[in-house]
Amino acid sequence: MDHPLHTWEPVLSAAAARAVDLTKVYGRGETQVTALDNVTVEVPAQRMTAVMGPSGSGKSTLMHCLAGLDSPTSGAVFIGETDLARLDDKALTRVRRDELGFVFQSFNLVPTLTAMENIRLPLDLAGRDPDPGWLDTVIDAVGLRDRLAHRPSELSGGQQQRVACARALAGRPTVVLADEPTGNLDSRSSAEVLGFLRRSVDEFGQTVVMVTHDASAAAYADEVVFLADGAVVDRMQDPTAASVLDRMKRLER
């Protein structure tokens, strides 16, 4: 049964997240490594943005800084209009819990909980009741209504990742951060997960930022941001797998 979507009006001018003059340095002296070097990136609301780059380009560091999991050496990170650097630990935890959804390569489901319990887990931990209509919409969108009582071990990899996507969306976050979400999946399961993330943007007005090394995955995005040596070196609108692959080959030379 299809449930009516909660109405939303596109507001495409606002940035859902921003990194401004972001620099992240690890270590000191001879062991010092600059993972991000004065990076400025805007993540448009209600769009899907992919972040790509060679190994060591800084894409995972950028994701961790956007998520408030790592503090920049200098520069600023905003979720909406909230400057993460101005928050104490308690407020930062609240932003991560209420404003951000996470999808990881390794699924990160709790093995003893059912699919439904995993989907509800962040809300339950926060003591928040889900919006029943929204939860139904998300469950139907990932196509798992007949699997809600199953535990992760009883689900395929693609089904587990779709549970993780539903969990990320259940609280209606400002931004969903997906870190190599198809890294452990076969091509069919990857297409299912990427198709759902795309639908979450097109139908629900969600904002998604996805780190990926896969040109086919990046082609689902509205824009690809390319990093190399800790800096933004290119951006591509309306990517195709072929155009992304060609750009990555030039970056890796």
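Calculation rules
Residues numbered from 1 in each chain as written. Predicted model: local features only at pLDDT ≥ 70, side-chain atom pairs only at ≥ 80, totals over all residues. Heavy atoms only, no water. Helix = DSSP H or I, 4+ residues; strand = E, 2+ residues; numbered from the N terminus. Buried < 20%, exposed > 50% of the residue type's maximum accessible area, 1.4 Å probe, protein only. Phe/Tyr/Trp six-rings, centres within 6.5 Å; stacked < 30°, edge-to-face > 60°. Lys NZ or Arg CZ within 6 Å of the ring centre and 35° of its normal. Contact = heavy atoms within 4.5 Å. pLDDT = per-residue confidence, 0-100. Pairing = 2+ DSSP bridges. Axes fitted to C-alpha atoms, helices over the stretch in contact; angles between N-to-C directions. Expected span 1.5 Å × (residues − 1). Polar contact = N/O pair within 3.5 Å; in protein donor to acceptor, adjacent residues only side chain to side chain. Right-handed = clockwise from strand over helix to strand, strands pointing away.

Participant: I'm lost on unusual backbone geometry in this one. Help?
Facilitator: Glycine aside, a negative phi is what most residues show, and trans is what most peptide bonds show. Of note in the backbone geometry, N38 takes a positive phi value of approximately 60° without being a glycine. Relative to the helices and strands, N38 is located in strand β2 (residues 33–44). Within the chain, D238 stands out as a residue other than glycine whose phi angle is a positive 50°. Structurally, D238 is set in the loop between β10 (231–237) and α8 (241–252). Overall, the relative accessible area of 64% leaves D238 in the exposed class.

Participant: Looking at this structure, I do not really get the packing of aromatic side chains. What am I missing?
Facilitator: Two aromatic rings, taken as a pair, are described by how far apart their centres are and by the angle between their planes. Taken as a whole and assessed by the stated rule, the structure comprises two aromatic pairs. Both rings, one in F102 and one in F104, keep their centres 6.0 Å apart while their planes meet at 10°; by these two values the pair is stacked. In this structure F104 comes out as partly exposed when scored by relative accessible area, which is 30%. Taking the centre distance of 5.1 Å and the plane angle of 75° together, the rings of W134 and F204 count as edge-to-face. Taken as a pair, W134 in helix α4 (residues 132–142) and F204 in the loop between α6 (187–202) and β8 (208–211) lie far apart in primary sequence, 70 residues in all. A cation over a ring is seen here: R172 above W134, with NZ or CZ 3.8 Å from the ring centre. One Lys or Arg, R247, reaches over the ring of F226 and ends 5.9 Å from the middle of that ring.

Participant: I would appreciate a short explanation of the side chain of K24 in the present structure.
Facilitator: Position of K24 among the secondary structure elements: in strand β1 (residues 15–26). The residues contacting K24, other than those within four sequence positions of it, are V33, T34, A35, L36, T61, D70, S71, P72 and T73.

Participant: It is not clear to me how the confidence of the model for the protein chain should be interpreted in this structure. Could you clarify?
Facilitator: Predicted coordinates in regions of low pLDDT should not be interpreted in detail. Overall, the predicted model of the protein chain reaches an average pLDDT of 90, with 95% of residues at or above 70. The model gives residues 1–13 a pLDDT under 50, and that stretch makes 27 contacts with residues more than four places away or in other chains.

Participant: Teacher, can you tell me more about the environment of G29 here?
Facilitator: Within the secondary structure, G29 is located in the loop between β1 and β2. On a C-alpha basis, the gap between G29 and T73 in space is 15 Å, while along the polypeptide they are 44 residues apart.

Participant: Looking at this structure, how should I read the sheet that holds strand β9 (residues 223–228)?
Facilitator: Pairing between the strands of a sheet is mediated by backbone hydrogen bonds and can be parallel or antiparallel. Ordered by their spatial adjacency, six strands build an open sheet running β6-β7-β8-β3-β9-β10, and the pairing between neighbours is mixed. Looking along the sheet, the strands with just one partner apiece sit at the ends: β6 (100–104) and β10. Ignoring strand direction, the axes of neighbouring strands in this sheet form an average angle of 20°. Judged from the four bridges that link them, strand β3 (residues 48–52) and β9 form a sheet pairing that is parallel. Note on β9: the bridge partner recorded for T49 is E223. Packed on one face of the sheet, helix α5 (residues 157–169) meets β6 and β7 (175–179) and runs near 170° to β6.

Participant: Please explain α6 as it appears in this structure.
Facilitator: At 3.6 residues per turn, the α-helix brings residues three or four places apart onto the same side. Its 16 residues give α6 an end-to-end C-alpha distance of 22 Å, which sits within 8% of 22 Å, the value for a rise of 1.5 Å per residue. Three or more residues of α6 are buried, namely S189, S190, V193, L194, F196, L197, R198, S200 and V201. For α6, the elements touching its buried residues are β3, α4, α5, β8 and α7 (215–218). Looking at where α6 begins, the residue whose side-chain oxygen comes 3.3 Å from the main-chain nitrogen of R188 is D186.

Participant: Hey, could you run me through the pairing of β8 in this one?
Facilitator: On a regular strand, one side chain projects to one face of the sheet and the next to the other, so that they alternate. Burial along β8 is two-sided: V208 and M210 facing one way and V209 and V211 facing the other are all buried. In terms of strand pairing, β3 meets β8 through four bridges, oriented parallel. Opposite A50, over in β8, you have M210 as the bridge partner. Bridge count between β7 and β8: four bridges; the pairing is parallel. Bridging from a neighbouring strand, V176 pairs with V208 of β8. For the segment spanning β7, α6 and β8, crossover handedness is right-handed.

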